[in-house]
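Here is what each chain is made of, one letter per residue.
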Amino acid sequence: MSQISLNINGKTTTADVENRTLLVHFIREQAKLTGTHVGCDSSSCGVCTVLLDGNPVKSCTVFAIMAEGHEIKTVESLAPGGVLHPIQQAFWDQHGLQCGYCTPGMMMTSIALLEQNPNPSEHEIREGLSGNLCRCTGYNNIVKAVQQAATAMSTQAADD
Amino acid sequence: MFPANFEYVRSHSTDEAFAALQQHGSEARVLAGGQSLIPAMRYRLARPAVLVDINPIKELSYLHEKDGFLVIGATTRDAALEFDQNILARYSLITAVSRVVADPIVRHMGTVVGSICHNDPSGDWTATALASRATMIVRGKDGTREISIDDFLVDSFTTAIEEGEMAIEVRIPIPDAHTQGSYQKIERKVGDYATCAAAVQLSMNVDGTIRQAGVAITAVGHIAMRVTAAEAMLVGQRPSLELCKAAAAEAPKIASPNADQRGSAEYKKDMARVLVGRGLQESLLRLGVSL
């Protein structure tokens with residue numbers, strides 16, 4: 001057992017856990033943030049994607065103890081005060097979800113993608129999201145949602 | 001699926017990591033990006049008693065050119081190469097492979113050196129290192145030593161790294177203006193193991209003959225393999241479609257793939273031929289050589 005402290009969404013959670021505890025389990029069970037899902041359990045599906053220092057990572061393939069000293073952002077960080085993030089609004093508007101299970105991972109990857117490339121082509125969006133699976137196969141609307149968010153976020157940036 | 005528990009050692013310097021590896025010997029494994037090791041531990045295919053985490057070692061995170069080589073440190077992520085302007089401009093083989101290793105998310109954690117050290121039979125970086133004639137730098141008891149990639153890759157999941165040693169960096173010769181490469185990969189879906197893949201790099205003489213050829217295939221044997229016969233056939237020759245076809249036909253002769261859900265052994269062997277052929281042709285196209 002080790003005592004570890006993780007900075008998740010700006011808040012520190014400290015807990016005694018086994019070294020083998022995966023980041024996704026720490027987020028769900030110690031920090032009690034269940035927006036981050038567990039899907040394939042084999043680093044294939046991307047539903048557990050969170051941002052580690054701004055980069056998307058599969059939290060089922062990182063030990064929690066490795067994340068000490070880093071900034072973790074989960075889907076719960078997106079709507080402070082209940083105001084939806086442009087990516088959340090876009091998934092809503094474009095019906096970018098069917099069952100919704102993959103959505104948190106899709107949104108976290110999309111945010112990092114738009115950070116890297118604020119104006120991606122459809123091809124670049126599909127490539128950027130290729131590590132996230134939607135088993136409802138609702139990809140077309142997911143791509144539309146990312147396109148809407150890209151427009152909204154660049155307009156927002158221009159206004160700022 | 002939970003990995004077996006382990007003792008965790010966080011290292012902040014190469015000296016610290018090395019000391020921990022010396023202390024724990026064969027019980028210890030280096031934890032770099034973990035994108036192969038952690039899944040292997042979850043499936044209980046790997047069960048190290050001690051993990052020496054090298055991720056916090058800032059001095060091992062670098063990507064630059066030095067003394068004729070591109071040098072990539074042990075904690076440099078795949079994504080660092082994918083988005084590097086110098087690599088995009090001058091390293092066609094590295095650029096191509098950096099876009100098809102695993103998936104875009106995994107590339108933010110996975111490392112080039114870690115992938116070569118893992119030496120998976122389906123590794124993309126191992127084949128790339130062979131085709132580009134890379135050298136591994138390994139730290140041992142008597143200081144660091146250089147190991148050519150051919151000697152480094154010993155067998156499936158086995159390298160020339162000995163107990164208590166650790167890989168520090170990989171060095172890839174800087175391609176000159178007359179060098180181009182290509183990476184060809186068939187995969188069922190992004191992030192899956194390759195069904196078959198081929199790494200190719202060609203360097204030309206001013207008289208239009210081939211000066212150096214690097215040809216390697218992966219996922220079609222117990223280890224990524226250099227297609228020595230193809231390289232020998234190409235060097236010194238003037239490129240032609242016939243030459244490309246003849247060189248590509250050498251690939252299936254050394255391939256020994258297993259049939260699995262990705263295809264039959266016959267199919268994979270033939271794809272080794274097809275992908276080497278395509279890699280040669282794409283490299284020549286990039287060199288401005290018309291066939």
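Residues numbered from 1 in each chain as written. Chains lettered and ligands numbered in written order. Predicted model: local features only at pLDDT ≥ 70, side-chain atom pairs only at ≥ 80, totals over all residues. Heavy atoms only, no water.

Some details on the domain arrangement of chain A
Residue and element names in this part refer to chain A. When cut into domains, chain A gives domain 1 (2-77) and domain 2 (80-155). When each unit is reduced to the centre of its C-alpha atoms, the spacing between domain 1 and domain 2 is 21 Å. Each partner contributes to the interface: domain 1 provides 17 residues, whereas domain 2 provides 15 residues. If you sort the residues of domain 1 by the area they bury against domain 2, H37, V47 and V75 come out on top, with a joint share of 37%. Counting across the interface, domain 1 meets domain 2 through 0 salt bridges. At the level of elements, strand 3 (49-52) and strand 4 (55-58) are the ones that each hand at least two residues to the side of domain 1 that touches domain 2. (Domains from an automatic or database assignment. Contact = heavy atoms within 4.5 Å. Buried area = accessible area lost by both parts, 1.4 Å probe. Salt bridge = Lys/Arg side-chain N within 4 Å of Asp/Glu carboxyl O. Helix = DSSP H or I, 4+ residues; strand = E, 2+ residues; numbered from the N terminus.)

With respect to the interface of chain B and chain A
Between chain B and chain A, the contact holds 32 residues from the first and 30 residues from the second. Around 2,500 Å² of area is buried between chain B and chain A when both sides are counted, 63% of it from carbon and sulfur atoms. It is R42, I105 and H108 of chain B that lose the most area in chain B upon contact with chain A, and together they represent 24% of the buried surface on that side. Joining chain B to chain A, the criterion identifies 3 salt bridges. On inspection of chain B and its partner chain A, the count reaches 9 residue pairs in polar contact (both at pLDDT 80 or more). Those elements giving two or more residues to the side of chain B that touches chain A turn out to be strand 1 (7-10), helix 2 (37-42) and strand 3 (50-53) of chain B. Broken down by element, the residue count for the side of chain B that touches chain A peaks at 4 residues, all from helix 2 of chain B. Broken down by class, the residue content of the side of chain B that touches chain A amounts to 19 nonpolar, 6 polar and 7 charged. (Polar contact = N/O pair within 3.5 Å; in protein donor to acceptor, adjacent residues only side chain to side chain. Nonpolar A, V, L, I, M, F, W, Y, C, P; charged D, E, K, R; others polar.)

Section: the pattern of salt bridges
According to the stated counting rule, one finds 24 salt bridges over all chains in the structure shown. The shortest N-O distance in the salt bridge between R20 of chain A and E18 of chain A comes to 2.9 Å. Judged by its relative accessible area of 22%, R20 of chain A falls in the partly exposed class. With a closest N to O distance of 2.8 Å, D124 of chain B and K185 of chain B form a salt bridge. In this pair, D124 of chain B sits in helix 7 (residues 124-131) while K185 of chain B sits in strand 11 (residues 179-187), placing the two residues 61 residues apart along the sequence. (Buried < 20%, exposed > 50% of the residue type's maximum accessible area, 1.4 Å probe, protein only.)

Details of helix 5 (residues 139-159) of chain A
Taking 1.5 Å of rise per residue, 21 residues should cover 30 Å, and helix 5 of chain A covers 30 Å from first to last C-alpha, within 8% of that figure. Looking at the packing, one finds that the buried side of helix 5 of chain A touches helix 2 (86-93), helix 3 (103-116) and helix 4 (122-128) of chain A. (Expected span 1.5 Å × (residues − 1).)

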